[in-house]
Amino acid sequence: MNLNIYPWQIEQWQFLVRANRNGRLPHGLLLSGPSGTGIDDFADAFAAWLLCEQQGEQGACGQCQPCHQVLSGNHPDLHLVEPEETGKQIKVDPVRSLIEFTQFTSQYRGNKVAIIRPAHAMNRNAANALLKTLEEPADNVVLLLVSDSPSKLPVTIRSRCQRTQFSSVNRESGLNWLCESSVIDQNQVETLWELAQGKPLLAMDMIANDQAGQQAQVLADLRGLLEQRTDFMQISQNWSEYSAADVFNWLLFLIVTMTRSKLMGCRENGKSQNNRDLQEIVNQLNLRQLMDCYDLARCHYQAASGLYNLNQTGLIEDFLLFWQGQTATGG
Ligand SMILES: [Zn+2]
């Protein structure tokens with residue numbers, strides 16, 4: 001469980017801390033905003049803070065008895081409701097146990113906190129069961145509903161909660177955080193930021209899975225194939241270790257970056273191997289070729305990320321053949 005908030009959540013944090021100090025914290029809070037920006041962690045941190053015996057301005061102390069219990073996942077006044085499996089519904093039974101939890105006296109004679117996430121996963125019966133608790137909550141009970149799709153929640157639930165809205169993360173703030181929290185260089189961080197579409201926690205996952213390294217390999221292979229230095233079958237085999245949807249996502253990003261560089265007529269900054277590979281490809285292909293490759297990559301990306309179980313290797317090889325064919329007419 002996480003006790004810290006992210007730098008881009010300070011405004012929401014201060015607002016809720018102030019509300020609590022002034023005795024105006026509502027019983028039902030709906031925390032909503034884009035996925036991949038750490039709202040789940042915010043809910044954890046705020047729940048821990050509400051239960052902490054030495055609340056700091058920036059979060060729970062992490063030292064007191066309740067904090068230890070929160071961290072080890074067995075605080076008696078904290079209750080978590082989640083689907084049994086990711087992507088599944090939250091059924092009525094877990095919500096009934098939550099209601100029961102709110103009715104007992106708190107162990108520490110302080111706050112009792114429940115987190116429901118993602119709240120929009122509650123099925124109709126579960127949502128209906130929760131309504132009464134939201135309408136007439138017991139004293140000192142705080143319900144934190146977390147959702148990146150609040151419009152999927154029944155209006156009756158939404159109207160009984162006070163919304164705390166998180167927006168997408170400011171680029172500068174996100175990049176700074178990624179640089180401080182990881183060991184990768186500035187160029188890679190910026191690339192990842194684009195790939196993760198401005199979702200810092202998603203970018204962090206990509207770092208953990210070494211997607212930056214894999215993407216650099218894809219770029220080097222593209223150049224090798226164009227210059228007839230690398231064997232087609234070897235590349236196909238290399239790429240078959242990645243998910244085809246990931247490969248085409250990287251390709252789309254790379255081709256957009258190449259096209260931008262071609263159009264602006266400017267060289268990519270930096271002297272990294274990545275930039276040299278990219279620039280060489282830009283020198284060898286014309287705009288028309290880049291755009292044709294983009295169209296094919298987009299088409300295959302949709303196929304690879306769709307519901308149908310298509311031949312992933314076939315999609316990758318089809319693209320590689322097309323890419324290889326660009327050499328003859330390049331320039
Ligand atoms: Zn504490």
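Each chain has its residues counted from 1, following the order in which its sequence is written. With pLDDT at 70 or above as the cut-off, local features in this predicted model cover only qualifying residues; side-chain atom pairs require 80 or more to be listed or tallied, and sums for whole chains, interfaces and linings still use all residues. Based on all heavy atoms of the structure, the side-chain values leave hydrogens and waters out of the count.

Q: Quick question: what am I supposed to make of empty space enclosed by the protein here?
A: Gaps left between atoms are located by rolling a probe of water-molecule size over the structure's atoms. Grid points spaced at 1 Å over the protein atoms alone were grouped into cavities, where a 1.4 Å probe fits but cannot get out, and pockets, open sets with protein on both sides within 12 Å along at least five of seven lines, with lining residues defined by an atom within 4 Å of a point. Grid points are joined across faces, edges and corners, and a volume is the space filled by probe spheres set on the points. Counted by the stated rule, this structure contains one cavity of 30 Å³ or more. Its boundaries defined by the atoms lining it, the largest cavity holds a volume of some 50 Å³. Lining the largest cavity are Gln188, Thr191, Leu192, Ala212, Gln215 and Asn274. Those elements that provide at least two residues to the lining of the largest cavity are helix H8 (186-195) and helix H10 (211-226). Taken together, the residues of the lining of the largest cavity break down into two nonpolar, four polar and no charged. Runs of H or I in DSSP of at least four residues are treated as helices and runs of E of at least two as strands, each being numbered from the N terminus. Under the convention adopted here, Pro, Cys and the residues Ala, Val, Leu, Ile, Met, Phe, Trp and Tyr are nonpolar, Asp, Glu, Lys and Arg are charged, and Gly plus all remaining residues are polar.

Q: Quick question: what am I supposed to make of the domain arrangement of the protein chain here?
A: Many descriptions give the size of an interface as the accessible area lost when the pieces come together. Residue ranges assigned to each domain were obtained from an automatic or database domain assignment. According to the domain assignment, the protein chain consists of domain 1 (7-165) and domain 2 (210-324). For domain 1 and domain 2, the distance between their C-alpha centroids amounts to 43 Å.

Q: Explain the packing of aromatic side chains to me, please; I cannot follow it from the model alone.
A: Aromatic ring pairs: the centre-centre distance and the angle between the two ring planes describe each pair. Pairing of aromatic side chains requires ring centres within 6.5 Å, counting the rings of Phe and Tyr and the six-membered ring of Trp. Pairs whose planes differ by under 30 degrees are stacked, by over 60 edge-to-face, and all others tilted. Tallied over the entire structure, the rule returns twelve aromatic pairs. Arranged with centres 6.5 Å apart and planes meeting at 20 degrees, the rings of Phe42 and Phe46 form a pair that is stacked. Of this pair, Phe42 and Phe46 both sit in helix H2 (residues 39-51), four residues apart, roughly one helical turn. The rule is simple: take the accessible area with a 1.4 Å probe, protein chains only, and divide by the maximum for that residue type; under 20% is buried, over 50% is exposed, in between is partly exposed. Relative accessible area serves as the criterion here: at 0%, Phe42 is assigned to the buried category. Consider the rings of Phe42 and Phe166, whose centres lie 4.9 Å apart with planes at 70 degrees: the pair is edge-to-face.

Q: Just to check I follow, could you spell out the nonpolar core for this structure?
A: Buried together is how nonpolar side chains tend to be arranged in soluble globular proteins. For our purposes a nonpolar core is just a set of buried Ala, Val, Leu, Ile, Met, Phe, Trp, Tyr and Cys residues, chained together by side-chain atoms within 4.5 Å. Leu222, Trp239, Phe248, Leu251, Met258, Phe319 and Trp323 are the most contacted members of the largest nonpolar core, which totals 51 residues. The leading source of residues in this core is helix H12 (residues 244-264), at eleven residues. We call two residues in contact when some of their heavy atoms are within 4.5 Å. Non-local contacts of Leu251, meaning those with residues more than four positions away in its chain, are made with Val218, Leu222, Trp239, Ala297 and Phe319. Counting residues in hydrophobic clusters, the runner-up holds 31 residues, among them Trp13, Leu31, Ala43 and Phe46.

Q: What is the right way to look at the pattern of salt bridges in this model?
A: Pairs can form between side chains of opposite charge once their charged atoms are near each other. Here a salt bridge means any side-chain nitrogen of Lys or Arg lying within 4 Å of a carboxyl oxygen belonging to Asp or Glu. In the structure shown here, the tally under the stated rule is twelve salt bridges. Two residues, Arg21 and Glu57, come together in a salt bridge whose shortest N-O distance is 3.0 Å. In this pair, Arg21 sits in helix H1 (residues 10-21) while Glu57 sits in the loop between H2 and helix H3 (65-71), placing the two residues 36 residues apart along the sequence. Of the charged contacts in the structure, one is a salt bridge between Arg288 and Asp292, with a shortest N-O distance of 3.4 Å. Of this pair, Arg288 and Asp292 both sit in helix H14 (residues 287-305), four residues apart, which is roughly one turn of that helix. A single salt-bridge network, built from bridges that share partners, covers Arg223, Glu227, Arg229 and Asp277.

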